[in-house]
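Each chain, letter by letter, is given below.
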Amino acid sequence: QVQLVESGGGLVQTGGSLRLSCAASGRTFSNYAMGWFRQAPGKERDYVASISWSGGSTYYADSVKGRFTISRDNTKNTVYLQMNSLKPEDTAVYYCAARFETSSSSYYTTDSQYRSWGRGTQVTVSS
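This write-up is about the structure you can find in this document. (Residues numbered from 1 in each chain as written. Predicted model: local features only at pLDDT ≥ 70, side-chain atom pairs only at ≥ 80, totals over all residues. Heavy atoms only, no water.)

1. Describing the packing of aromatic side chains
Our working rule: Two aromatic rings, drawn from Phe, Tyr or Trp (for Trp, its six-membered ring), form a pair once their centres lie within 6.5 Å of each other, and the interplanar angle then sorts them: stacked below 30 degrees, edge-to-face above 60, tilted otherwise. Helix numbering and strand numbering both begin at the N terminus, where a helix is a DSSP run of H or I of at least 4 residues and a strand a DSSP run of E of at least 2. Two limits define a charge over a ring: the Lys NZ or Arg CZ must be within 6 Å of the ring centre, and within 35 degrees of the ring normal.
Going through the model one piece at a time under the given rule, you end up with 7 aromatic pairs. Relative to Phe100, the ring of Tyr32 lies with its centre 5.5 Å away and its plane at 85°, an arrangement referred to as edge-to-face. Placement of Tyr32 in strand β4 (residues 32-39) and of Phe100 in strand β9 (residues 92-100) is noted, with a sequence separation of 68 residues between them. Through successive ring pairs, a cluster of aromatic residues spans Phe37, Tyr47, Tyr59, Tyr107, Tyr114 and Trp117. In this structure, Arg45 packs its charged tip against the face of Trp117, placed 3.7 Å from the ring centre.

Rendered as structure tokens:
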């Protein structure tokens, strides 16, 4: 399995921005579709965004569409989540996940569709 390590979380004010990174190792990164999920205290883990192996296809949850952008750099084995116009309700632990997938699809929106997970990075948005 691919190993994943997230970074870039922190404390930011409402309206601010953060960029999360997820570094992958252990397998050929370009064989994997990637996703970002988040889990707020006391809540289930929710889908945020996903991207195909090539980066040519992306998909977003309605709650972040227009504010978040997922991207990847296969030369650096890294996937990113640019988060703009942050709101207090975006506060959560953010996880990246990998799915072995060489099709052009990015439509993988549930936990069970991913095999590898990082440990998460905390994002806190103050009001």
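And the narrative resumes.
2. A look at the sheet that holds strand β3 (residues 18-25)
Put simply, the rule is: Here, strands pair whenever DSSP counts at least two bridges between them. Working convention: axes come from line fits to C-alpha atoms, limited for helices to the stretch in contact. Angles between N-to-C directions cover 0 to 180 degrees.
Overall, antiparallel pairing links the 4 strands, which are arranged β1-β3-β8-β7 in an open sheet. Every other strand in the sheet has two partners, leaving β1 (3-7) and β7 (68-73) as the edge strands with one partner each. When strand polarity is set aside, the average angle formed by the axes of neighbouring strands in this sheet is 15°. Bridge analysis of β1 against β3 gives 5 bridges, and the strand direction is antiparallel. Residue Glu6 lies in a different strand from β3, and its bridge partner there is Cys22.

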